[in-house]
Amino acid sequence: MLDDKYVTEKKVEITIDGKTYYLPMVVGSEGEKAVDIRSLRAQTGCITLDSGYMNTGSCCSKITFLDGEKGILNYRGYRIEDLAEHCSFIEVAYLLLHGYLPTVGELNYFGQLLAKFALLHEDMVHFFDRYPPNAHPMSILSSMVGSLVSFYPEMVNNPLENIDLMASRLLSKLRTIAAFSYRKSLGHPLVYPRHDYSYCANFLNMMFESPVRPYEVNPVEVAALNKLLILHGDHEQNCSTSTVRMVGSARVNLYASISAGISALWGPLHGGANQAVIEMLEQIHLKGGDYKKYIERAKDPKDSFRLVGFGHRVYKSHDPRSRIIKRACDDVLSAMNMASDPLLAIAKELEEVALKDEYFIERNLYPNVDFYSGIIYRAIGIPMNMFTVMFALGRLPGWIAHWKEMWDDPDTRIGRPRQIYTGPCQREFVSIEERKLGDR
Ligand code: CMC
């Protein structure tokens, strides 16, 4: 809900057909300005046209602040750099959901809930048998999450009273679903979650433990995964989060709304980019490493090729997440004796050349969160088609926090944009017998 303290004394003057109207001006807690146009159509008969919502604020939110010009990203007021350095993913998930960092007692309780909810109903486990072996894990993930409401319907009618339980259930089960979908794709036996492992260690164990080759959880991999999940935790009104809010605005339950968000994330322009980056780097490597050719292709207006992992709708300078991930990439690969990874070398060369190139400078195109994350996932042993699932795992606390905020906000209305119709004006109906090909 928009608090009166953010509405300024200033009014924005707008003149249409010689008549002047005054609209309120809103300034957020970090100084972001907006013209409040909620009364525009009622006053003037006009709507605004803003494809891709490049200039449209769809809500007020207290969760994440980002300044794309300065490269700042804060969750609930805390710098992403500090959170990535000092916190566990679960601590950050708690922060996103509740608005404050947990005490030791609160964090322990949250951990107990996650342990309690980690199992899937065994009937759901059988679902995995019915997918073809090459099914994309994102399709499995979105349909499994959508199915959760059928197995756990008891809290959906009063979600705000039960949001802690529902959030812990989702966070814990999504991790289990993700790991099970991978095991099933291999045809390997499922590894059940353990109560004595941390969130990230538990996930890695479910992915890689084997009856023939026992898996030892590697603390370097756990730390890297923890950092990556934190960095993906939230990113204000991006495509998938806006989808979760939009679907939820029709008063759709949390599980179905998150399932829709997972589908939105799948796209190669959004969360699917981390997979596309590695595919691109592998292709460059296989074709002899001539990365400059790909830079030229990305610049060619006649070529649809884009340098994946570059550019961002909001960041017009360095994406702070990408800087942290690049450093983590060096640390993890050295600790794993993989510092000479050819894909990392190509990525760094691409970045260096692109950042000096006029085309990229003029358009403010910098590496985004997806540019280096796949190199870490690959080093940990996560297969490429699971990369976007990893993004979903990280983004889940942000989606839930936004859904909760949207549900609780008296300003929320069902999401229903308008349009400017440009089709044919009203015309006379022609019966099928009288229609001619040329009459269209
Ligand atoms: N390579 C080459 N040119 C690019 C790229 C790129 N990666 N990104 C943008 N451009 C050009 C684009 O061709 C356009 O040029 P012109 O003005 O000459 O027509 C200009 O830069 C502006 O691009 P846009 O498509 O209008 O910008 P947008 O804000 O609509 O799109 C984007 C943002 C992220 C979809 C886009 O930069 C892109 O396609 N990047 C590659 C895919 C990618 O890495 N996606 C992950 C995004 S970050 C994580 C997430 O959100 O999930």
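Quick look at the structure, then. (Residues numbered from 1 in each chain as written. Predicted model: local features only at pLDDT ≥ 70, side-chain atom pairs only at ≥ 80, totals over all residues. Heavy atoms only, no water.)

Thoughts on the packing of aromatic side chains
The way to describe two aromatic rings as a pair is by their centre distance and the angle between their planes. Counted under the stated rule, the structure contains 15 aromatic pairs. Arranged with centres 5.0 Å apart and planes meeting at 85 degrees, the rings of F371 and Y372 form a pair that is edge-to-face. Both residues of the pair, F371 and Y372, belong to the buried class. With a centroid separation of 4.5 Å and an interplanar angle of 25 degrees, the aromatic rings of W403 and W407 are classed as stacked. (Phe/Tyr/Trp six-rings, centres within 6.5 Å; stacked < 30°, edge-to-face > 60°. Buried < 20%, exposed > 50% of the residue type's maximum accessible area, 1.4 Å probe, protein only.)

Side note on the site of the ligand
In the neighbourhood of the ligand, 20 residues make up the surrounding shell, with H270, R306, L307, G309 and R313 lying closest. Contact distances for the ligand include 3.5 Å between an oxygen atom and a backbone N or O atom of G271. Between the ligand and R313 there is a distance of 2.8 Å, counted from an oxygen atom to a side-chain nitrogen or oxygen. Contact with the protein chains covers 73% of the free accessible surface of the ligand, which is 940 Å². (Near = heavy atom within 4 Å. Polar contact = N/O pair within 3.5 Å; in protein donor to acceptor, adjacent residues only side chain to side chain. Areas by Shrake-Rupley, 256 points an atom, 1.4 Å probe, with all protein chains shown as cover.)

Structural notes on the side chain of R395
Position of R395 relative to the elements: it lies in helix 18 (residues 387–408). One buried charged side chain, R395, makes no salt bridge at all; its nearest oppositely charged neighbour is D234, positioned 4.9 Å away. Leave out the neighbours within four places in its chain, and R395 touches H232, G233, D234, H235, N238, S240, T241, H270 and R321. (Helix = DSSP H or I, 4+ residues; strand = E, 2+ residues; numbered from the N terminus. Lys, Arg positive; Asp, Glu negative; His and termini not counted. Salt bridge = Lys/Arg side-chain N within 4 Å of Asp/Glu carboxyl O. Contact = heavy atoms within 4.5 Å.)

Examining the sheet that holds strand 4 (residues 64–67)
Pairing in this open sheet of three strands is antiparallel, and the strands run 4-5-6 from one edge to the other. If you trace the sheet from one side to the other, it starts and ends with strand 4 and strand 6 (78–79), each paired once. One ladder, built from four bridges, connects strand 4 with strand 5 (residues 72–75); its direction is antiparallel. Residue pairing in the sheet places D67 in a bridge with I72 of strand 5. (Pairing = 2+ DSSP bridges.)

Some words on helix 18
In an α-helix there are 3.6 residues to a turn, and that puts residues three or four apart on one side. Compared with the 32 Å implied by 1.5 Å per residue over 22 residues, the 32 Å span of helix 18 between its first and last C-alpha is a close match. Bending of helix 18 peaks at approximately 45 degrees at the position of R395, with proline P397 no more than four residues after it. Most of helix 18 is tucked away: 20 of the 22 residues are buried. (Expected span 1.5 Å × (residues − 1). Bend = angle between axes of the 7 residues up to and from the residue.)

Some remarks on the pattern of salt bridges
Applying the stated rule across the entire model yields 19 salt bridges. Put simply, R38 and D411 hold a salt bridge, and the shortest N to O gap is 3.6 Å. Separated by 373 residues along the polypeptide, R38 in the loop between strand 3 (33–35) and helix 1 (40–44) and D411 in the segment after helix 18 bring together distant segments of the chain. Where R321 meets D319, a salt bridge forms, and the shortest distance between an N and an O atom there is 2.8 Å. Like R321, the residue D319 is buried in the burial classification. Several salt bridges converge on common partners, so that one network encompasses D36, R38 and D411.

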